[in-house]
Amino acid sequence: MITYNDLEKGAEFMRSLMPMFDNGFLNDTGFWDDSREFAFVPKVDVKELSDSYEVVFDLPGMKKDDLSISYSDDVLTVEAKSEKSSDEKEGDVYLRRERFSSSFKRQFVIRGVDEKAVKASLKDGVLRITLPKIKENADGSVRRIQID
């Protein structure tokens with residue numbers, strides 16, 4: 001049973017953490033100080049269809065050149081790095097600046113994929129990766145490749 005004393009100790013502990021947030025760990029926007037690179041984790045959906053897997057990322061503001069996608073040893077890897085624009089002029093004065101550099105790396109284990117048929121597209125900030133499944137033979141077994 002939780003007592004009032006237990007709750008008071010918990011509240012005291014939470015109050016002890018507040019200076020960490022006031023000393024530059026977070027700024028008024030809720031993110032790290034603007035001088036540091038901000039690593040974000042994009043939202044992802046991974047769906048299994050009858051003949052493929054579909055991985056969909058929300059990547060607003062990302063361009064095709066910012067992304068790197070690979071599939072090797074049953075692991076899909078998606079990496080991105082987006083740089084803050086450097087079109088500042090000397091004497092520019094910002095009242096608030098919230099645009100930032102960002103990067104991420106996400107990996108997913110997805111087995112049974114036809115590596116040569118993987119496709120990706122980026123449209124309106126949505127990255128869609130289609131990973132076709134390896135075709136099975138008529139008897140249901142996976143096609144094996146002979147070694148010469």
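Here, residues in each chain are numbered from 1, in the same order as that chain's written sequence. Only residues with pLDDT of at least 70 are given local features in this predicted model, and only at 80 or more are side-chain atom pairs given and counted; all residues enter the totals for whole chains, interfaces and linings. Where side-chain values are given, they derive from all heavy atoms of the structure, hydrogens and water being excluded.

Per an unreviewed UniProt entry, the protein goes by Heat shock protein Hsp20 and derives from Dialister micraerophilus DSM 19965. Under the UniProt heading Sequence similarities (unreviewed entry), the entry covering the protein gives this text: "Belongs to the small heat shock protein (HSP20) family." UniProt positions are given in the numbering used here, feature names are shortened, and annotations may be inferred rather than shown by experiment.

Visitor: An account of the pairing of strand 3 (residues 52-58) is needed here, citing residue identities and associated values.
Guide: Within strand 3, 6 of the 7 residues are buried, which leaves it mostly tucked inside the rest of the structure. Strand pairing follows a simple DSSP-based rule, namely that at least 2 bridges must link the two strands. Secondary structure follows DSSP: runs of H or I at least 4 residues long count as helices, runs of E at least 2 residues long count as strands, and numbering of each begins at the N terminus. As judged from the 5 bridges shared by strand 2 (residues 44-48) and strand 3, these two strands associate in the antiparallel manner. The residue of strand 3 that forms the bridge with Val44 is Phe57. Taken together, strand 2 and the strand that follows it, strand 3, pair antiparallel across an intervening segment of 3 residues. In this structure, strand 3 lies alongside strand 8 (residues 126-132), joined through 7 bridges in antiparallel fashion. What sits directly across from Asp58, in strand 8, is Val126. The classification of residues rests on relative accessible area computed with a 1.4 Å probe and restricted to protein chains. Under 20% of the type maximum is buried, over 50% is exposed, and intermediate values are partly exposed.

Visitor: Outline the nonpolar core, listing residues and values.
Guide: Throughout, nonpolar core names a set of buried Ala, Val, Leu, Ile, Met, Phe, Trp, Tyr and Cys residues whose side chains join them through atoms within 4.5 Å. Counting residues in hydrophobic clusters, the biggest one holds 18 residues, and the most contacted among them are Phe57, Leu76, Phe104, Ile110, Ile129 and Leu131. Non-local contacts of Phe57, meaning those with residues more than four positions away in its chain, are made with Pro42, Lys43, Val44, Val78, Phe104, Arg106, Phe108, Gly125, Val126, Leu127 and Ile129. Working rule for contacts: check all heavy atoms of both residues, and any pair within 4.5 Å makes them a contact.

Visitor: Mind laying out the environment of Asp114, listing which residues take part and the relevant values?
Guide: The topology assignment puts Asp114 in the loop between strand 6 (102-109) and strand 7 (119-123). A relative accessible area of 32% places Asp114 in the partly exposed class. Taking the C-alpha atoms as reference, Asp114 lies 5.6 Å from Lys133; in sequence the two are 19 residues apart. What Asp114 contacts, discounting residues up to four positions off in sequence, is Pro132, Lys133 and Ile134.

Visitor: Before we move on, can you summarise the environment of Glu48 with the specific residues and values?
Guide: Structurally, Glu48 can be placed in strand 2. Separated by 83 residues in the primary sequence, Glu48 and Leu131 have C-alpha atoms spaced 9.5 Å apart. Apart from residues no more than four positions distant in its own chain, Glu48 is found in contact with Tyr53 and Lys133. For the purposes of these results, a polar contact is taken to be a pair of N or O atoms within 3.5 Å, where, inside protein, one atom must be able to donate a hydrogen and its partner to accept one; residues adjacent in sequence count only when each atom of the pair is a side-chain atom. A distance of 2.7 Å separates polar atoms of two side chains, one belonging to Glu48 and the other to Lys133.

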